[in-house]
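The lines below spell out each chain.
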Amino acid sequence: MADTHVLFVEDDDVIREATQLALERVGFTVTAVPDGLLGLEAFRADRPDIALLDVMVPGLDGVSLCRRIRDESTVPVIMLSARADAIDVVLGLEAGADDYVTKPFDGAVLVARIRAVLRRFGHAAGTGAAPDGAGGTRDEAGGVLVFGDVEIDTEGMEVRRGGAHVGLTPTEMRLLLEFSSAPGTVLSRDRLLERVWDYGWGGDTRVVDVHVQRLRTKIGQDRIETVRGFGYKLRA
């Protein structure tokens, strides 16, 4: 983590300086700026490994900045908000954020969430074997799972639908791989939080719901089925 570069956009001087120091103490390199326009410039200039974006910043608000970043990159994004309001949370996640943290936050918790997102990013961006027990149809060449018109290359970490490339964020890829490891099996929100978001503790299941909906828009609304009261399952 020593070489990890964090972009931090926060307009409160005290929070920005204190958080920057806390992140630098554990080995992160931090670029901290007070508004969204400067944040976009810093993102394009520095290409950080992860972005922490406060929702309410001047110039370009955090949600709009997240959308701009997501248009250009799959770099992980964590939204920061002083309110746990559902609208703030959902808007940030729908804009493409991977996670969110409510202020005031403990520095150790923020570091843990950053590391969890980076682990998720590294696992999804790298190559590896197909999930154990994966169903669907496996391509003769190996490493490719087929569910209807959706093809998942588990070695090249690429997804195609109807032959066309589907751009997924690392979190969306991890979520799809989790579903494809157990097609037809209902996966609870708590299990998905633990396996995809690396939460060893209770988390906000809205994170799961919004990411499932984002994934559905990319691979087909009927490919992932909601099982009310239990969770979701991938149609085999």
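Placed above this text is the structure.
Here is what the cut-offs are and how they apply
Residues numbered from 1 in each chain as written. Predicted model: local features only at pLDDT ≥ 70, side-chain atom pairs only at ≥ 80, totals over all residues. Heavy atoms only, no water. Buried < 20%, exposed > 50% of the residue type's maximum accessible area, 1.4 Å probe, protein only. Helix = DSSP H or I, 4+ residues; strand = E, 2+ residues; numbered from the N terminus. Pairing = 2+ DSSP bridges. Right-handed = clockwise from strand over helix to strand, strands pointing away. Contact = heavy atoms within 4.5 Å. Core = buried A, V, L, I, M, F, W, Y, C linked by side-chain atoms within 4.5 Å.

Asks: Would you take a moment to explain the pairing of strand S4 (residues 77-81) for this structure?
Replies: Successive residues of a regular strand alternate their side chains across the two faces of the sheet. Of all five residues that make up S4, five are buried, and the element is covered over most of its length. Here S4 shows a buried face lined by Val77, Met79 and Ser81 and a second buried face lined by Ile78 and Leu80. Inspection of the sheet shows strand S3 (residues 50-54) paired to S4 by four bridges, in the parallel sense. Its bridge partner lying in S4, leucine 52 is registered against isoleucine 78. The handedness of the S3 to S4 crossover, carried by helix H3 (residues 62-72), is right-handed. Note that S4 and strand S5 (residues 99-102) share four bridges and pair parallel. What sits directly across from isoleucine 78, in S5, is aspartate 99.

Asks: Please clarify how the environment of valine 227 should be interpreted in this entry.
Replies: Among the secondary structure elements, valine 227 is positioned in strand S11 (residues 224-227). Separated by 41 residues in sequence, valine 227 and valine 186 place their C-alpha atoms 7.2 Å apart. When residues no more than four places from it in sequence are discounted, the contact partners of valine 227 are Val186 and Lys233.

Asks: For this particular structure, what's the right way to read the nonpolar core?
Replies: Most often, soluble globular proteins keep nonpolar side chains buried together rather than apart. Counting 52 residues, the largest nonpolar core has Leu53, Met79 and Phe179 as the members making the most contacts within it. Broken down by element, the residue count for this core peaks at six residues, all from helix H8 (residues 206-219). Those residues within four positions of methionine 79 in sequence are excluded, and the remaining contacts are Leu53, Val55, Gly62, Val63, Cys66, Gly92, Ala97, Asp99, Tyr100 and Val101. Of all hydrophobic cores here, the second largest spans 15 residues; its members include Phe8, Ile50, Leu52 and Val117.

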